[in-house]
Amino acid sequence: MQGQSGSGPIGVFDSGYGGLTILKEFQNRLPDYDYIYLGDNARAPYGSRSFDIVYRFTLEAVNELFARGCPLVILACNTASAKALRTIQQNDLPSIDPSRRVLGVIRPTVESLPGRTRNGHVGLVGTPGTVGSRSYDIEISKLYPDIKFSSHSCPMWVPLVENGEADKPGADYFVRQETEALMREDDAIDAIILGCTHYPLLMNKIRQYLPPSVALIKQGDIVAESLADYLRRHPEMKRRLSCGAATEYLTTEDADKFSSMASIFLNRQIKAEQITL
Ligand code: DGL
């Protein structure tokens, strides 16, 4: 889907379906652009994989999106943002093509924190990879050292979502267990970052096990606003993006399975294509 005069779509990558919660907000906030969504469903979840593997899989996906003409790729996955983004930006992009960009979701989420917490006690739920990388801890202590930050990893939440169990009664056990464990770390937490793009699908269940005063921070609208701001500040990139309001959906797993699950995330029917990385 190479646009006119060498322009191309915005690439959006996730290990599976989760990044669709980010893509949906891009399509709402920035509807004119073309997008290519790539879900590496055949190898999801990434959350418990090592740094090396997440980096290698993410680089393969970024190269695929570059080969399909994307000048800009968003890693709509916290695990890939935590474990692969910096290495790709610093070590790979200069030799692949220094004019292209790869951006993640962690920095914009952290930048949005002021105004979302009243007492400065912030929690994070994420995959073991994201929590173990301490990427959020590092960014928060750099930008807002006064925030008291606690985190808890939820290894079962992505598998529940990937397998279509997010709204089933069995999910309650795991949602309750992890939500209550986070609140035991610091019972003054008044804002929780849903630090995995799959988690908005579990939002109603998470809400049930928290005091109503605790705010849940979803990343979709935050990352979409941050992308809009990035394009305002980088007209040279904006000019390279094609504007046909079209989205192509790619998956490394079965296309029909992806299409039906993705329709739940997006609340509308889409048609995906299977590719190999
Ligand atoms: N959506 C990914 C994230 O934001 C899930 C990672 C996984 O595959 O475990 O971290």
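This text goes with the structure placed above it.
Conventions adopted
- Each chain carries its own residue numbering, running from 1 in the direction its sequence is written.
- Predicted model: local features are reported for residues with pLDDT of at least 70 only, side-chain atom pairs are reported and counted for 80 or more only, and whole-chain, interface and lining totals are derived from all residues.
- Hydrogens and water are ignored here; the side-chain numbers use all heavy atoms of the structure.
- In this text, helices come from DSSP runs of H or I with a minimum length of four residues, and strands from runs of E with a minimum of two, each type numbered from the N-terminal end.
- In this treatment the radius of gyration is a C-alpha quantity, and the globule benchmark scales as 2.2 Å times the residue count to the 0.38 power.
- The rule is simple: take the accessible area with a 1.4 Å probe, protein chains only, and divide by the maximum for that residue type; under 20% is buried, over 50% is exposed, in between is partly exposed.
- Two residues form a contact once any of their heavy atoms are found within 4.5 Å.
- Here the accessible surface of atoms and residues is derived via Shrake-Rupley with a 1.4 Å probe, and residues count as covered only by protein chains that are part of the display.
- The convention is simple: Lys and Arg are positive, Asp and Glu are negative, and His and the chain ends are not counted.
- A charge is said to be at NZ when it belongs to Lys, at CZ for Arg, at CG for Asp and at CD for Glu.
- Whether a residue is near a molecule or strand depends on its heavy atoms: if one lies within 4 Å, it is near.
- Polar contacts here mean pairs of N or O atoms no more than 3.5 Å apart (in protein, one a potential hydrogen donor and the other a potential acceptor; neighbouring residues in sequence count only if both atoms are side-chain atoms).
- Residue type decides the class: Asp, Glu, Lys and Arg count as charged, Ala, Val, Leu, Ile, Met, Phe, Trp, Tyr, Cys and Pro as nonpolar, and the leftover types, Gly among them, as polar.
- Any two strands are treated as partners once DSSP identifies two or more bridges connecting them.
- Every crossover in which the path from the first strand over the helix to the second runs clockwise, viewed with the strands pointing away from the viewer, is termed right-handed.

Draft legend 1. Quick peek at the overall build of the chain. A count of helices and strands for the chain gives 13 helices and ten strands. Its C-alpha atoms give the chain a radius of gyration of 18 Å, within 12% of the compact-globule value 19 Å for 277 residues. Taking the principal axes of the C-alpha coordinates as reference, the chain spans close to 55 × 40 × 35 Å. Expressed as a percentage of the 277 residues in the chain, the buried residues total 56%. Of all intrachain contacts in the chain linking residues separated by at least 6 positions in sequence, the fraction that spans at least 24 positions is 78%. Accessible surface for the chain amounts to roughly 11800 Å². Of this, 49% is attributable to carbon and sulfur atoms. For the chain, the distance from the average position of its 30 positive side-chain charges to the average position of its 33 negative side-chain charges is 3 Å.

Draft legend 2. Fine view of the site of the ligand. Close to the ligand lie 13 residues, the nearest being S15, Y46, G47, T79 and T197. Taking D14, its side chain carries an N or O atom lying 3.0 Å from a nitrogen atom of the ligand. At a separation of 2.8 Å, an oxygen atom of the ligand approaches a polar backbone atom of N78. Its free accessible area being 300 Å², the ligand has 99% of it covered by the protein chains. When the residues that make up the shell around the ligand are grouped by side-chain class, the tally is five nonpolar, seven polar and one charged.

Draft legend 3. Examining the pairing of strand β9 (residues 247–251) more closely. Across the five residues that make up β9, a large majority, four, are buried. Here five bridges tie strand β2 (residues 35–39) to β9, and the two strands are oriented parallel to one another. Across the sheet, residue L38 finds its bridge partner in β9, namely L250. When β9 meets strand β10 (residues 272–274), the two strands line up parallel, connected through three bridges. Along β10, the bridge assignment pairs Y249 with A272. Crossover handedness for the path β9 to helix α13 (residues 255–266) to β10: right-handed.

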